[in-house]
Amino acid sequence: MSVTITPIIDHEQYEVNGHLVCKDGLNNWTCKHDLSSQELNAFRNYEKLVINNKAFKKHTKSIYKTK
């Protein structure tokens, strides 16, 4: 299974395999649907490597493939 993460609004909204993930008022990531463990791990990696990285001016679409 592959996980596709597409930025909608940098640092605020992202789409993970068609599910909208956004920040709430307390700066926590929330989603109306439960993400699978693979989707959750991929988003955590994306957050660590892209969202929290000051070197990225514009966030890009990423695809994570499982083995």
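Before reading further, recall that the structure is shown in the block above.
Per-chain numbering applies: the sequence of each chain, read as written, is numbered from 1 onward. Predicted model: local features are reported for residues with pLDDT of at least 70 only, side-chain atom pairs are reported and counted for 80 or more only, and whole-chain, interface and lining totals are derived from all residues. Each side-chain value is derived from all of the structure's non-hydrogen atoms; neither hydrogens nor water enter the calculation.

Trainee: Before we move on, could you go through the nonpolar core and cite the residues and values that matter?
Mentor: To form a nonpolar core, buried Ala, Val, Leu, Ile, Met, Phe, Trp, Tyr and Cys residues must be joined to one another through side-chain atoms within 4.5 Å. Throughout, exposure labels follow a simple rule: accessible area from a 1.4 Å probe, protein chains only, divided by the maximum for the residue type, with under 20% read as buried, over 50% as exposed, and the rest as partly exposed. Residues V3, I5, Y14, V16, V21, A42, F43, Y46, V50 and I51 constitute the largest nonpolar core, which totals ten residues. With five residues, helix α1 (residues 37–51) is the largest single contributor of residues to this core. The contact rule is simple, with two residues in contact once any of their heavy atoms fall within 4.5 Å. Once residues within four sequence positions are removed from consideration, V21 is found in contact with E12, Q13, Y14, V16, W29, T30, C31, L35 and F43. Helical segments are the DSSP runs of H or I of at least four residues, strand segments are the runs of E of at least two, and each set is numbered from the N terminus.

Trainee: Now, about the environment of H59: what can you tell me, with residues and values included?
Mentor: Looking at the secondary structure, you find H59 in the loop between α1 and β5 (62–65). Those residues in contact with H59, other than ones at most four positions away along the chain, are P7, D10, H11, Y14, Y46, V50 and I51. A 3.5 Å cut-off defines polar contacts: any pair of N or O atoms within that distance qualifies, except that in protein one atom must be a possible hydrogen donor and the other a possible acceptor, and neighbouring residues in sequence count only when both atoms are side-chain atoms. Separated by 2.6 Å, the side chains of H59 and Y14 make a polar contact.

Trainee: Give a detailed account of the pairing of strand β2 (residues 13–16), specifying residues and quantitative values.
Mentor: Residues Y14 and V16 line the buried face of β2, whereas the alternating positions Q13 and E15 sit on a face that is not buried. The pairing criterion for strands is at least two bridges between them, as found by DSSP. The sheet contact formed by strand β1 (residues 2–9) and β2 spans four bridges and is antiparallel. Along β2, the bridge assignment pairs I5 with V16. Between β1 and β2, which pair antiparallel and follow one another directly, the connecting turn spans three residues, one of which, H11, has a positive phi of 70 degrees. Of the strand pairs in this sheet, β2 and strand β3 (residues 19–23) are connected by four bridges, and their pairing is antiparallel. Bridge pairing in β3 links V16 to H19. In sequence, β2 turns back onto β3 through a hairpin of two residues, with N17 there showing a positive phi of about 50 degrees.

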